[in-house]
Amino acid sequence: DMFSALREAMNGQGDMSADTLTFAENAATLQRILLALRNREFAYIQNADERRQAEWESLMQGAEGEVSRLQARIGEEHEDILQAAQQALANYRAAFEHYSSSRSANQRSATHMQQLADSVLQQADQTLVENRQWLEEQAGAVMRLLAVSANMILVLALLAGWVIRQLILPPLHQALAL
């Protein structure tokens, strides 16, 4: 509407007052700020840079200030348009803040899930190490048992051989002596 009034004044259909130029300048400033807001929003969405969020907040305050300046200067016939613009800015702020808080909550949730996964993996690794050590101890015990068993069998075999020798040799000597 401000640009239309300026266009009419420039075409000679209306009077060009300082207010018309000021309104048009404020409207152009507001449009420039809105474009910059969208740019910062996009940059924040891409990489969640807190600096971009602070820039967005600063620009939003500038936009709200421009709307307030326009409201102070505008007539009642255009006041409803500025009320709608102010409400749109408030809705935009609420949506961006909701997105920002949701993103922060998602990041906290992802960090928490990563910590839980790391904890589970550490516990699994610790259990694996403990089980490996237990298996190595059991294998060592089985090897010692096998070694003792083999030695006992060897001793029993030697003892059995000696007993058999003692039982066979005396009668064999007697048979040869005859």
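This text gives an overview of the structure that appears in the document. (Residues numbered from 1 in each chain as written. Predicted model: local features only at pLDDT ≥ 70, side-chain atom pairs only at ≥ 80, totals over all residues. Heavy atoms only, no water.)

1. Overview of the overall build of the chain
The criterion, for reference: Counting from the N terminus, the helices are the DSSP runs of H or I reaching at least four residues and the strands are the DSSP runs of E reaching at least two. For every residue, the accessible area (1.4 Å probe, protein chains only) is compared with the maximum for its type, and the residue is labelled buried under 20%, exposed over 50%, or partly exposed between those bounds. Residues count as neighbours in contact if any of their non-hydrogen atoms are within 4.5 Å of one another. Surface exposure here means Shrake-Rupley accessible area, sampled with a 1.4 Å probe, where a residue is shielded only by the protein chains that are shown.
Looking only at helices and strands, one finds four helices and zero strands in the chain. Start at the N end of the chain and walk to the C end: the helices and strands fall as α-α-α-α. Counting only residues that meet the buried cut, the chain has 18% of its 178 residues in that class. A sequence separation of at least 24 residues applies to 62% of the contacts in the chain between residues at least 6 apart. Just so you have it, the chain exposes about 13,100 Å², and 59% of that area is on carbon and sulfur atoms.

2. Considerations on the nonpolar core
Going by this rule: Side-chain atoms within 4.5 Å link the members of a nonpolar core, which is a set of buried Ala, Val, Leu, Ile, Met, Phe, Trp, Tyr and Cys residues.
Leu37, Trp56, Met60 and Ala63 are the most contacted members of the largest nonpolar core, which totals 16 residues. For Met60, the residues in contact, after removing those within four places along its chain, are Leu37, Leu89, Tyr92 and Arg93.

3. Topic: the side chain of Ser100
Its location among the elements puts Ser100 in helix α4 (residues 79–177). For Ser100, a relative accessible area of 5% corresponds to the buried category. For Ser100, the contacting residues outside a window of four places in its chain are Tyr44 and Gln53.

4. Topic: the packing of aromatic side chains
What counts here: Put simply, two rings from Phe, Tyr or Trp (the six-membered ring, in Trp's case) pair if the centres are within 6.5 Å, and we call them stacked under 30 degrees between planes, edge-to-face over 60, tilted for the rest.
Per the stated rule, a full pass over the model turns up four aromatic pairs. Ring plane angle 55° and centroid distance 5.5 Å describe the contact between Tyr44 and Phe96, whose orientation is recorded as tilted. Here Tyr44 is found in helix α2 (residues 18–47), whereas its partner Phe96 is found in helix α4, with 52 residues between them in sequence. With a relative accessible area of 1%, Tyr44 lands in the buried category. Overall, the relative accessible area of 4% leaves Phe96 in the buried class.

5. What to know about a nonpolar patch on the surface
Spelled out, the test is: Like charges within 9 Å and nonpolar side chains (Val, Leu, Ile, Met, Phe, Trp, Tyr) within 5 Å are joined into patches, using only residues over 30% in relative accessible area that form no salt bridge. Each salt bridge in this description consists of a side-chain nitrogen of Lys or Arg and a carboxyl oxygen of Asp or Glu lying within 4 Å of one another.
A grouping of Leu156, Leu159, Trp162, Val163, Ile164, Leu167, Ile168, Leu172 and Leu176 is seen on the molecular surface, where their side chains present a nonpolar patch of about 930 Å² in accessible area. The residue Leu156 is located in helix α4 in this model. The exposure class of Leu156 is exposed, given its relative accessible area of 53%.

6. Some points on the pattern of salt bridges
Overall, the coordinates contain seven salt bridges when judged by the stated rule. The closest approach of N and O atoms between Arg40 and Glu55, which form a salt bridge, is 2.8 Å. Of this pair, Arg40 sits in helix α2 while Glu55 sits in helix α3 (residues 50–73), and the two are 15 residues apart along the sequence. Note on Glu55: relative accessible area 23%, which makes it partly exposed. The partner of Arg93 in a salt bridge is Glu97, with the nearest N and O atoms 3.2 Å apart. Of the two residues, Arg93 and Glu97 both sit in helix α4, four residues apart, roughly one turn of that helix. Sharing partners across several salt bridges, the network here consists of Arg40, Arg51, Arg52 and Glu55.

Honestly, it's all geometry; don't read function into it.
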